[in-house]
Number of protein chains: 2
Amino acid sequence: MIRTAVIMAGGSGERFWPLSRRNRPKQLLALTSDKLMIVEAIERIVPLIPIEHIYIFTSEILQNPIRKALPNLPPENVVAEPFKRNTAPCLAYAAVFLTDKYGVSESEISMAILTADHFISTSSQFIQTVDNALKYAESNSKLVTIGIPPVRPETGYGYIEIDTPNAEPNLICPAITFREKPNKETASQFIKSGNFLWNSGMFFWRIDTFLKSIKQNLTSVDDKLEGLKLAIHNKTTIVCDGAIPDAKSVFEQFPDISIDYGIMEKADNVAVIRAGFLWDDVGSWDSLDRMQPLDEAGNVINGKSVLVDTHNSTIINSSDKQVVALIGADDIVVVVTDDAILVCPKDKAQNVRQAVLALRELGEENYL
Amino acid sequence: MIRTAVIMAGGSGERFWPLSRRNRPKQLLALTSDKLMIVEAIERIVPLIPIEHIYIFTSEILQNPIRKALPNLPPENVVAEPFKRNTAPCLAYAAVFLTDKYGVSESEISMAILTADHFISTSSQFIQTVDNALKYAESNSKLVTIGIPPVRPETGYGYIEIDTPNAEPNLICPAITFREKPNKETASQFIKSGNFLWNSGMFFWRIDTFLKSIKQNLTSVDDKLEGLKLAIHNKTTIVCDGAIPDAKSVFEQFPDISIDYGIMEKADNVAVIRAGFLWDDVGSWDSLDRMQPLDEAGNVINGKSVLVDTHNSTIINSSDKQVVALIGADDIVVVVTDDAILVCPKDKAQNVRQAVLALRELGEENYL
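Residues numbered from 1 in each chain as written. Chains lettered and ligands numbered in written order. Predicted model: local features only at pLDDT ≥ 70, side-chain atom pairs only at ≥ 80, totals over all residues.

1. What about the overall build of chain A?
As a reminder, the rule being used: Each helix is a run of H or I in the DSSP string that is no shorter than four residues. Each strand is a run of E no shorter than two, and both are numbered from the N terminus. Counting other C-beta atoms within 10 Å of a residue's own tells you its class, since 20 or more makes it buried, 12 or fewer makes it exposed, and anything in between is partly exposed; those C-beta atoms are placed from the backbone. Once C-beta atoms are placed from the backbone, any two residues with those atoms within 7 Å are in contact.
If you tally the helices and strands in chain A, you get 11 helices and 18 strands. The C-alpha extent of chain A, read off along each of the three principal axes, is 65 × 50 × 35 Å. Taken over 368 residues, chain A has a buried fraction of 51%. Contacts in chain A between residues at least 24 apart in sequence constitute 64% of all its contacts with a sequence separation of at least 6.

Written out as structure tokens, the structure is:
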């Protein structure tokens with residue numbers, strides 16, 4: 001069995017504007033420690049999966065910035081998707097790519113699909129959960145996902161229902177249903193019941209299991225897979241041969257559909273492993289106070305600042321020229337870069353991309 | 001009668017930090033229009049009082065910046081107080097200085113004491129009120145002040161009680177009492193009664209009237225006036241003569257007392273002229289929305305910015321490099337300069353000097 005790690009890192013960098021930009025999205029920021037998130041992601045998995053079997057699938061614009069950030073990763077392992085699509089086409093592409101690359105049977109390769117832009121508390125417990133998940137996926141024809149025991153009634157996450165409440169870490173059980181972003185009341189009920197885990201977006205399977213599930217659940221991808229296989233296999237040998245489709249033209253025809261919606265929510269062979277670590281999707285600026293050290297008034301402070309009568313605010317000042325002063329400003333996010341300053345209440349931080357949209361509408365491309 | 005205007009402009013520049021600084025206080029900012037406030041103050045009075053009779057009393061550190069801002073004013077008319085004291089000593093100094101300068105009887109000079117850092121709506125109505133005030137003060141031994149018909153129950157201003165409610169503009173009547181900064185409830189009652197006007201801090205008198213009032217009400221200043229007269233008279237002729245006190249050593253002995261507290265609240269010959277113009281003391285960043293144009297969501301916007309779902313906020317961005325983005329940020333003040341960024345809720349804007357104090361405590365003198 002060849003164990004591979006597939007890290008999807010094609011994010012577009014809007015939610016952490018103005019620090020994140022088109023060519024420097026969240027995974028290329030140091031949000032949860034002093035290391036770039038993608039560096040943390042690699043360092044976290046490398047004790048279990050050798051670096052030559054770790055692959056990053058990303059967009060063309062990010063390929064070189066990522067290669068630069070990860071000098072120890074073979075540069076050819078940073079793969080640019082031929083066209084921007086959602087996670088289901090991306091993982092189908094990865095499955096075909098890896099099968100072609102290793103030249104073995106699809107049942108001889110397992111994939112650990114990991115994220116590059118999430119917070120994970122403890123590497124050793126992460127490794128233990130991933131190792132268990134991979135072992136299970138390698139010896140069972142299951143789509144395995146990591147479920148996170150929820151610690152708050154989060155309305156921004158997906159939930160997975162299981163029938164084994166309050167179990168030990170690393171227990172594996174069947175997924176009953178997937179529930180996308182519930183309202184506060186429902187989320188609270190989920191937590192109370194103990195029967196729901198957060199959907200971490202990390203998946204484990206043998207490639208044959210995955211391709212079979214595509215065949216069953218996502219025919220709009222499946223019926224183009226042969227073309228994709230041909231395109232990938234011939235990519236470097238036959239160029240511009242009209243008879244052989246190129247990967248981009250196949251990819252363009254794929255539906256814009258997520259792996260959760262396209263496969264996981266429909267498949268009947270999904271298993272969930274209960275995480276033994278803390279996890280956060282680091283969704284927006286207001287989430288940093290869950291993983292960064294706080295001052296005695298509950299503020300996250302990075303960079304030169306002076307706070308008066310200010311509580312539970314987050315100040316990220318990357319300017320070396322300007323001091324940031326907050327007076328009586330509770331629950332505020334202030335982010336300063338050389339060319340932009342963001343100010344928003346914490347409870348509006350998930351709307352930061354509206355600023356990006358507004359700037360785009362104004363034609364202010366240089367700020368994006 | 002020689003009519004003079006005395007503009008007190010010694011403010012220290014803390015309430016409009018970070019735009020205002022030690023050597024660039026409020027009066028040297030363009031807060032209410034595109035002109036510096038001190039330029040507006042001069043332009044406002046010059047139709048009534050020739051520029052050679054307009055004097056600015058300020059601190060040593062501001063003397064040259066003010067001269068630079070007012071190239072048409074004779075530079076010797078920008079007078080540095082010998083020592084930083086309050087408004088009562090400053091005006092005593094001005095009275096003695098002008099008497100000495102013009103070399104006429106104290107009853108032959110009238111003073112219009114004006115402010116350099118307040119908003120005044122209409123120059124023509126201002127001129128009319130000032131002209132009436134001066135005429136009355138010149139022909140009566142009265143201390144005349146301008147009272148502003150209040151338009152909101154402001155708790156940060158002083159009020160003057162009169163016995164002539166809801167009169168016509170420019171009516172002159174006796175002041176009954178002065179009431180400093182009432183609470184909200186009292187302020188509301190003041191407005192309801194119609195018997196109260198805001199204390200504008202503008203005063204009109206003949207110098208003899210003023211000096212007589214000092215003799216009656218402020219002996220701690222009066223008993224040093226002879227020394228001050230000598231010091232001013234000999235300033236340029238006798239230097240370092242131990243027998244003649246210099247102005248600074250006299251000034252240091254003056255009490256730190258305001259003209260309101262030291263004279264106006266005690267004197268029995270105070271008259272009030274009802275203003276025919278709108279007035280605002282422009283006390284802090286949150287006051288700008290009363291005199292600057294607002295966008296359709298009630299925001300004051302100066303400089304490069306993008307606002308999403310943001311209401312009643314004030315954005316002053318003097319950086320030419322950074323765009324300011326506000327998302328869902330209501331009632332917020334954001335001020336950006338090359339070396340500092342202020343963020344505070346509007347209702348905390350009067351506490352801005354706490355940031356200045358905090359920076360001073362941290363030894364960050366370069367931001368002050």
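2. Remarks on the relation of the copies chain A and chain B
Under the convention used in this document: Our superposition of the copies is a least-squares fit, built on the C-alpha atoms of residues whose pLDDT is at least 70 in both.
For the match of chain A to chain B, the screw axis carries a shift of 0.1 Å, the RMSD comes to 0.1 Å, and the turn is 179°. Both chain copies can therefore be described as sitting about a two-fold axis. If distances are taken from each C-alpha of chain A to the rotation axis, the shortest is found for Val343 of chain A, at 4.0 Å. Mapped onto chain B, 100% of the interface residues of chain A are again interface residues, and the two copies thus contact each other with one and the same surface.

3. What to know about the domain arrangement of chain A
Residue and element names in this part refer to chain A. Our working rule: Note that domain bounds follow an automatic or database assignment of domains. The residue classification treats Ala, Val, Leu, Ile, Met, Phe, Trp, Tyr, Cys and Pro as nonpolar and Asp, Glu, Lys and Arg as charged. All others, Gly included, are polar.
Splitting chain A by domain gives domain 1 (2-280) and domain 2 (292-367). Placing the centre of domain 1 and that of domain 2 at their C-alpha centroids yields a distance of 31 Å. Taken together, the contacts link 5 residues of domain 1 with 11 residues of domain 2. When grouped by side-chain class, the residues that make up the side of domain 1 that touches domain 2 number 3 nonpolar, no polar and 2 charged.

4. Some thoughts on the sheet that holds strand S14 (residues 305-308) of chain A
In a beta sheet, neighbouring strands pair by backbone hydrogen bonds and run either parallel or antiparallel. This is how the line gets drawn: Paired strands are those between which DSSP finds at least two bridges. Axis lines are fitted through C-alpha atoms, for helices just across the contact stretch, and the angle between N-to-C directions can take any value from 0 to 180 degrees.
Taken in spatial order, the 6 strands line up as S14(A)-S16(A)-S18(B)-S17(B)-S15(B)-S13(B) in an open sheet, and their pairing is mixed. At either margin of the open sheet sits one strand with a lone partner, and together these are S14 of chain A together with strand S13 (300-302) of chain B. Strand after strand, the sheet turns through a mean of 10° between neighbouring axes, direction not considered. By the bridge criterion, 3 bridges tie S13 of chain B to strand S15 (residues 314-317) of chain B in an arrangement that is parallel. Note that in S15 of chain B the partner of Asn302 of chain B across the bridge is Ile316 of chain B.

5. Thoughts on the confidence of the model for chain A
All names here are of chain A. How we decide: Per-residue confidence from the predictor is reported as pLDDT, a score between 0 and 100.
Mean pLDDT over chain A stands at 93; residues scoring 70 or higher make up 97%. Contacts for the low-pLDDT stretch residues 236-243, under 50 throughout, to residues beyond four places or in other chains number 1 contact. Confidence estimates for the predicted assembly give a pTM of 0.89 and an ipTM of 0.87.

6. Here's the deal with the interface of chain A and chain B
Accessible area lost upon the coming together of the parts is a frequently used measure of interface size. Taken together, the contacts link 32 residues of chain A with 32 residues of chain B. For the side of chain A that touches chain B, the secondary structure elements donating two or more residues are S14, strand S16 (323-327), strand S17 (332-336), strand S18 (340-345) and helix H11 (352-361) of chain A. Ranked by the residues each element gives to the side of chain A that touches chain B, the list is headed by S18 of chain A, at 6 residues. Looking at the side of chain A that touches chain B, its residues break down into 23 nonpolar, 4 polar and 5 charged. One ladder, built from 4 bridges, connects S16 of chain A with strand S18 (residues 340-345) of chain B; its direction is parallel. The partner of Leu326 of chain A across the bridge, within S18 of chain B, is Val343 of chain B.

7. Here's the deal with helix H3 (residues 87-102) of chain A
Helical periodicity: at 3.6 residues per turn, an α-helix aligns residues three or four positions apart in one direction. All names here are of chain A. Where we set the bar: Residue count minus one, scaled by 1.5 Å, sets the expected span of a helix.
In a regular helix each residue adds 1.5 Å, so 16 residues correspond to 22 Å; H3 covers 22 Å between its end C-alpha atoms and thus fits that length. Counting buried positions along H3 gives 13 out of 16 residues, so the element sits mostly inside the fold. Backbone geometry just after H3 places Gly103 at a positive phi near 60°.

8. Quick notes on the packing of H3 of chain A against helix H8 (residues 225-234) of chain A
All names here are of chain A. Stated formally: We call two directions roughly parallel when the angle between them is under 35 degrees, roughly antiparallel when it is over 145, roughly perpendicular when it lies between 65 and 115, and oblique otherwise. Helix crossings get a hand from a simple test, with the near helix turned counterclockwise from the far one by less than a right angle marking a left-handed crossing and a clockwise turn marking a right-handed one.
Orientation of H3 relative to H8, taken along the N-to-C sense of each, is 50°, at an axis distance of 10 Å. Taken as axis vectors, H3 and H8 run oblique relative to one another. Crossing hand, H3 versus H8: right-handed. Residues Ala92, Tyr93, Val96, Phe97 and Asp100 of H3 form the contact with H8, whose own contacting residues are Leu225, Leu228, Lys229, Ile232 and His233. Of the residues contributing to the contact of H3 with H8, the split by class is 7 nonpolar, 1 polar and 2 charged.

9. Notes on the packing of H3 of chain A against helix H6 (residues 207-217) of chain A
Residues and elements named next belong to chain A. Running from N to C, H3 and H6 cross one another at 135°; their axes reach a closest spacing of 10 Å. Between H3 and H6, the interaxial angle falls into the category oblique. As H3 packs across H6, the resulting crossing turns out to be left-handed. Here Ala92, Ala95, Leu98 and Thr99 of H3 lie close against H6, whose contacting residues are Ile207, Phe210, Leu211 and Ile214.

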